[in-house]
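This is what each chain is made of:
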Amino acid sequence: MALTEKIVQLKNEISKVIVGKDMEVELMAISLLFNGHILLESVPGTGKTLLAKSFATAIGGEFSRIQFTPDVLPSDVTGIQFFNPKVQEFELRPGPIKANIVLADEINRATPRTQSSLLEVMEERQVTIDGETLPLPEPFMVIATQNPVESQQGTFALPVAQMDRFFIKIRIGYPVYEDEKRIMHIHRGDKEINAIEQVFSNEEIGELKDSIKKIHLSSEMEDYVLKIIRKTRENNSIELGVSPRGTLALMRASQGKALLNGRTFVTPKDVKQVAPFVLSHRIYLSIEGALTKTPVTIIAEILDSTPVPVEAGANG
Amino acid sequence: MIWNKYLVEERKIQGINGAAILLIFASLYMQSKLVLYLAVFFLAVSIANQLYLKRVGEGVSIDNIPDKKRLFVNGKSEWTITIQNGGFPILKGELKVFFDHFVAPESSQIESNLFMYEISVPFSIYTQKTKQIWIPYTAKMRGIAKIRKLEIHIPSLFGFGETVLESKHFLKQLAIVYPEPLPVKGLTEQMSILQGTNAVPQSLYEDRLGPVGTRDYVPTDSFNKVHWKASAKSQTLQTKIYETISEIGWNIALNVSNGHSITGSLEKLISGLTEFAYFAHKRNIPYSLCINVRTAGNTSFLYLAKGAGKEHLQKVLETLSSISLQNTSIPYDQMLSFFKNHLPEQPFFIHAGIRKDTTNKLLFDMGKRGIRLFELFIEDEQGVLRGLENRNERRISL
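No experiment lies behind these values; they were computed from the predicted model shown.

Caption draft 1: View of the overall build of chain B. In terms of helices and strands, chain B carries seven helices and 23 strands. Taking 2.2 N^0.38 as the reference for a compact globule, 398 residues should give roughly 21 Å; the C-alpha atoms of chain B span a radius of gyration of 34 Å, well beyond that estimate. In chain B, which comprises 398 residues, the proportion classed as buried is 29%. For chain B, the proportion of contacts with a sequence separation of at least 24, taken over those separated by at least 6, is 75%.

Caption draft 2: Local environment of the overall build of chain A. When you go through chain A residue by residue, the secondary structure sums to 14 helices and eleven strands. A globule of 316 residues ought to have a C-alpha radius of gyration of about 20 Å, and chain A, at 20 Å, matches this closely. By principal-axis analysis of the C-alpha atoms, chain A measures approximately 70 × 45 × 40 Å. The buried share of chain A, reckoned over its 316 residues, is 40%.

Caption draft 3: A look at the environment of Ile81(B). Residues and elements named next belong to chain B. The topology assignment puts Ile 81 in strand S4 (residues 76-85). Ile 81 sits 77 residues away from Asn 4 along the chain, and the two C-alpha atoms are 18 Å apart. Filtering out sequence-adjacent residues up to four positions away, Ile 81 remains in contact with Ile 62, Leu 95 and Ile 133.

Caption draft 4: Examining the sheet that holds S4(B) more closely. Residues and elements named next belong to chain B. One open sheet holds the four strands; their spatial order is S2-S4-S8-S6, and the pairing between them is antiparallel. Either end of the sheet is taken by a strand with one partner, and the two such strands are strand S2 (60-62) and strand S6 (103-105). Going across the sheet, the axis of each strand differs from the next one's by a mean of 35°, ignoring polarity. Relative to S4, S2 is paired through three bridges, and the arrangement is antiparallel. Each bridged residue has a counterpart across the sheet, and for Val 60 the counterpart in S4 is Asn 85.

Caption draft 5: Focus on the pairing of strand S23 (residues 382-387) of chain B. Residues and elements named next belong to chain B. Looking at chain direction, strand S12 (residues 184-185) and S23 are connected through two bridges and run parallel. In the strand pairing of S23, Val 184 is matched with Gly 383. Alignment of strand S22 (residues 372-379) against S23, held across six bridges, turns out to be antiparallel. Bridge pairing in S23 links Leu 376 to Leu 385. Hairpin connection of S22 to S23: two residues between the antiparallel strands, including Asp 380 at a positive phi of 50°.

Caption draft 6: Looking closely at the packing of helix H2 (residues 22-33) of chain A against helix H10 (residues 244-260) of chain A. Residues and elements named next belong to chain A. One can describe the packing of H2 onto H10 by two numbers: an axis separation of 9 Å at closest approach and a directional angle of 115°. The chirality of how H2 crosses H10 is right-handed. Here Glu 26, Ala 29, Ile 30 and Leu 33 of H2 come into contact with H10, specifically with Ala 253, Gly 256, Lys 257 and Leu 260. Across the contact of H2 with H10, the residue classes tally to five nonpolar, one polar and two charged.

Caption draft 7: Quick peek at the nonpolar core. Ranked by internal contacts, the top residues of the largest apolar core, which has 77 residues, are Ile38(A), Phe55(A), Ile143(A), Ile168(A), Leu250(A) and Val278(A). Considering every element that reaches this core, the biggest residue donor is H2(A), with seven residues. Excluding its chain neighbours within four sequence positions, the residues that come into contact with Phe55(A) are Ile14(A), Met28(A) and Ile143(A). Ranked by size, the runner-up nonpolar core spans 69 residues in total, among them Ala290(A), Leu273(B), Cys290(B) and Val293(B).

Caption draft 8: Looking closely at the confidence of the model for chain B. Residue and element names in this part refer to chain B. Here chain B averages 87 in pLDDT, and 95% of its residues register 70 or above. Across chain B, strand S11 (residues 173-177) holds the top mean pLDDT of 94, while strand S13 (residues 198-199) sits lowest at 76. Interface predicted TM-score (ipTM) for the complex: 0.71; the corresponding pTM is 0.79.

Caption draft 9: Seen up close, the environment of Gly206(A). Position of Gly206(A) relative to the elements: it lies in helix H8 (residues 202-212). Taking the C-alpha atoms as reference points, Gly206(A) and Ile66(A), 140 residues apart in sequence, are found 26 Å from one another.

Caption draft 10: Structural view of the environment of Leu114(B). Tracing the backbone shows Leu114(B) in the loop between S6 and strand S7 (116-125). With 81 residues separating them along the chain, Leu114(B) and Gln195(B) place their C-alpha atoms 53 Å apart.

Caption draft 11: A look at the confidence of the model for chain A. Put simply, chain A has an average pLDDT of 86, and 94% of its residues get 70 or more. Contacts of residues 312-316 of chain A to residues separated by more than four positions or lying in other chains number 14 contacts, the stretch itself having pLDDT below 50.

Here is what the cut-offs are and how they apply
- Residues numbered from 1 in each chain as written.
- Chains lettered and ligands numbered in written order.
- Predicted model: local features only at pLDDT ≥ 70, side-chain atom pairs only at ≥ 80, totals over all residues.
- Helix = DSSP H or I, 4+ residues; strand = E, 2+ residues; numbered from the N terminus.
- Rg over C-alpha atoms; globule rule 2.2 N^0.38 Å.
- Buried ≥ 20, exposed ≤ 12 C-beta atoms within 10 Å, placed from the backbone.
- Contact = placed C-beta atoms within 7 Å.
- Pairing = 2+ DSSP bridges.
- Axes fitted to C-alpha atoms, helices over the stretch in contact; angles between N-to-C directions.
- Left-handed = near helix turned anticlockwise from the far one by under 90°.
- Nonpolar A, V, L, I, M, F, W, Y, C, P; charged D, E, K, R; others polar.
- Core = buried A, V, L, I, M, F, W, Y, C linked by C-beta atoms within 7 Å.
- pLDDT = per-residue confidence, 0-100.

Right, here's the structure in full:
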């Protein structure tokens, strides 16, 4: 089955329980192609956790969930070494992090120390427990959720280093009128998440990852991506611009978008469509910037002011 | 969109009607078709004019999308007004926008009148079309500017009279102009002696729930501080290292009233508190803010719970921007007693504004519970922060 058909099937499966989230599902599929981690941010009750669980079910693999609270310790995430008196030796017991899809629910409720325990896991795809390092399974993806409203009450903002490790940040807004009506219809019955069927096998995900390497990024497009990144580092409202890891993420996400659109080359439109999701959480605003603008509006301004390479896709 | 509609008719049109009737009689008397056609033309113009004035404006709407612009003084932005026309075409129309004087239009010719600016923009729009009009402005002073009224003046296509559409509702566009900080003498970070949960460089207290590391055991270490697992692994006794913690945070209270009116030094006090907000943000000090302005919420005054970070700073500055001379205040002592009995206290309390003897009693009661009191006052056009002491308190000397 072709990739586009698979993506349609993925959207259909998820739409059994979640309505009107096609763009979000597409972005999550792009992240999957690069083993990228996803941060879902929204006000309560908009379906973050359900979307994450549905996505995990649809792509199969081992799934685990960590419900973050202020008393969750780093060892509750990574695992522990405990002394087994029977064999008189320390034994390793990996935590819930050892799974293909890890749902880090309400991640900003954990203390910064616990949040930091995910740093190595997310970047190196390995976990170190009391000096012993274990590789994590393939594919490995962290889907974290957070609620931006209660940022003052019992929550801890994610550190910049951790935000940078998220490939994509998706803001799930309120559904539009028609979608909300459909949600009401769907939830009259007892639609269970179990109704979602697995769409991708591990082998298929591997094949998709191979096919993404064939997506061409022309020299003009490379310049375009770099100009956008450079502007984030020179903007007066931004204190910390996008890191080189962010540059790679933008390039990859654009390639993923091109692949999902059935093309073998990246166009400026691909870059523009994914840039707000890839870049907005990687910039750290200055006080003046944060008081007057949002990261999304700044990225939109940068995209509007960056000249688009003409016929770059055709050249490629 | 709901409009109030007014028709402004010109007297000329009555003259035209009269002339048309006279011409009809004249055409009958003169048996002249030409005169009759002229009369019919005059009548047709009059009827079309009336019809246009009556019907124009039906189907005119303005997109009322919520939009909040946040600006510093001298910051620039614009009002965006999108007009949709589903009715008769409008030629040489005029859009009049009335907005608060906290932001001023770019044109230097326009002057504010009764705390409002009025600006006129000519426009034309055909049937089933959309037109966007931008009105640039510059932030002039602290406050929240709104578009208070919109008027659309539509002249008749035939030149006789006009129709005026007046908006019944506010537009959901806001321009929040942040207050400017005023330097405050004596503003320094204070160390608390209260136990709390915030990690600080020095404190008497430790967070026993979360060891941050280990070090070699020394004989003076308490036995319950030994890290047994680390000791077993390294085969030497290891002591847990804990983070030092303390309670940090401010309560800031502003008294906006002076008797039955709003204090004359409101702007200066707000600017002083703005300096506090920036200072606390830079040092990551959490703080709460209460202002004795009446609200309809759970607390009867403006209250922002303890918080830190950019979002809190934004909320604080927006709250300070929203205070105006038109606000209704509640007695400051009433606010303080509610605060004392129901809201969480911080190790430091900063009072700003007028202080009466009854206020002193409430404040010094708080002081007896270990809260350190400070007062912000304005002296020589700058803020001064000083400690509040109860001079009447009896001290026992040993």
